[in-house]
Amino acid sequence: MAKITAAEVNKLRKTTGAGMMDCKNALVEADGDFDKAIEILRKKGQKVAAKRADRDSSEGAAIAKVNTENNSGVVISLNCETDFVAKNDSFVALANKMADLALNFDSKDAFLAADFNGITVQEKLTEQTGVIGEKIEIGGFERLNAPFVGSYIHAGNKIATLVGLSDAVDGAAVAAKDVAMQAAAMNPVALNEEGVDQSVIDKEIEIAKDQLRQEGKPEAMLDNIAKGKLKRFFKDNTLVNQAFIKDSKQSVAQYVQSVDSSLKVTDFKRVALG
């Protein structure tokens with residue numbers, strides 16, 4: 001049997017993130033063969049992943065990243081089962097590394113197949129499932145491209161957002177961050193009226209009519225009153241029409257135009273946990 005040194009155990013731990021005893025046991029089982037020990041730990045991860053496949057992974061870390069040109073961004077969530085793991089520094093560090101890598105990909109599938117230090121992102125997730133003992137997966141994956149992209153991550157990494165602006169004007173960075181904070185705090189259903197799904201509109205009209213009937217309003221008046229309530233729904237639930245959280249006297253669209261008269265919000269992405 002090969003003699004296993006502390007240095008070898010430490011090297012394996014740094015490579016895989018597995019615990020000291022798991023690394024030592026893997027090296028013993030592999031008779032000191034480093035690559036074989038890595039494979040043993042990966043297989044352990046696969047077994048744990050299979051056992052925990054049906055577990056709920058609603059905790060984790062939501063991370064937004066923007067490229068150096070500020071014209072493209074990505075927001076992802078690295079999901080786990082418990083808040084205890086989600087708050088762990090090494091877990092958050094892994095989420096940040098994965099978000100940096102995700103900047104290079106347009107889809108979740110392409111990202112999961114990407115190289116992460118010699119293995120795929122999906123294989124890394126499986127490996128970490130074995131290391132941590134919880135289901136680890138990529139939950140949200142959203143990409144946004146615009147003339148200017150800004151981001152915001154809410155304290156605790158539970159919500160992360162991206163906002164696209166129509167031009168990289170002076171003040172765009174502050175405006176984009178402010179609007180990204182708005183999207184995080186107010187959870188709009190769409191950018192504007194045009195972005196609201198027709199099924200949502202139909203449902204809101206029907207709810208409004210039901211309420212009006214219960215109030216005894218005449219049937220002939222329902223359509224007009226319901227339309228008024230729908231306008232209120234758009235004001236409360238679409239990003240550019242919402243009252244700006246830092247100054248409720250103006251809408252988000254008006255705030256952005258105060259930075260530059262031609263500036264508009266072109267899109268937003270929001271990923272939330274819990």
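Residues numbered from 1 in each chain as written. Predicted model: local features only at pLDDT ≥ 70, side-chain atom pairs only at ≥ 80, totals over all residues. Heavy atoms only, no water.

Novice: Is there a simple way to think about the layout of surface pockets in this case?
Specialist: Any space left empty among the atoms is revealed by the rolling of a water-sized probe across them. A volume near 370 Å³ is recorded for the largest pocket. Lining the largest pocket are 18 residues, with Gly17, Ser90, Phe91, Leu94 and Gln128 sitting closest to its centre. Those elements that place two or more of their residues in the lining of the largest pocket are α1 (6-16), α4 (83-86), α5 (89-102) and α7 (121-132). Across the lining of the largest pocket, the residue classes break down as eight nonpolar, seven polar and three charged. (1 Å grid on protein atoms, 1.4 Å probe; cavity = no way out; pocket = protein on both sides within 12 Å on 5 of 7 lines; lining within 4 Å. Points joined across faces, edges and corners; volume = space filled by probe spheres on them. Helix = DSSP H or I, 4+ residues; strand = E, 2+ residues; numbered from the N terminus. Nonpolar A, V, L, I, M, F, W, Y, C, P; charged D, E, K, R; others polar.)

Novice: Help me understand the packing of aromatic side chains in this model?
Specialist: Any aromatic ring pair is given by two values, namely how distant the centres are and how the planes are angled relative to each other. The full count for this structure, using the stated rule, is four aromatic pairs. Pairing Phe244 with Tyr255 gives two aromatic rings, centres 4.1 Å apart and planes at 10°, and the pair type is stacked. With Phe244 in strand β8 (residues 243-244) and Tyr255 in helix α11 (residues 252-259), this pair connects stretches of sequence that are 11 residues apart. Using a relative accessible area of 9% as the deciding quantity, one classes Tyr255 as buried. (Phe/Tyr/Trp six-rings, centres within 6.5 Å; stacked < 30°, edge-to-face > 60°. Buried < 20%, exposed > 50% of the residue type's maximum accessible area, 1.4 Å probe, protein only.)

Novice: What exactly am I supposed to notice about helix α8 (residues 172-186) here?
Specialist: In an α-helix, one turn spans 3.6 residues, which is why side chains three or four residues apart end up on the same side. The terminal C-alpha atoms of α8, which comprises 15 residues, lie 21 Å apart, in line with the 21 Å expected from a rise of 1.5 Å per residue. Every buried residue of α8 is listed here: Ala172, Ala175, Ala176, Asp178, Val179, Ala180, Gln182, Ala183 and Ala184. One or two positions beyond α8, positive phi appears at Asn187, with a value near 45°. (Expected span 1.5 Å × (residues − 1).)

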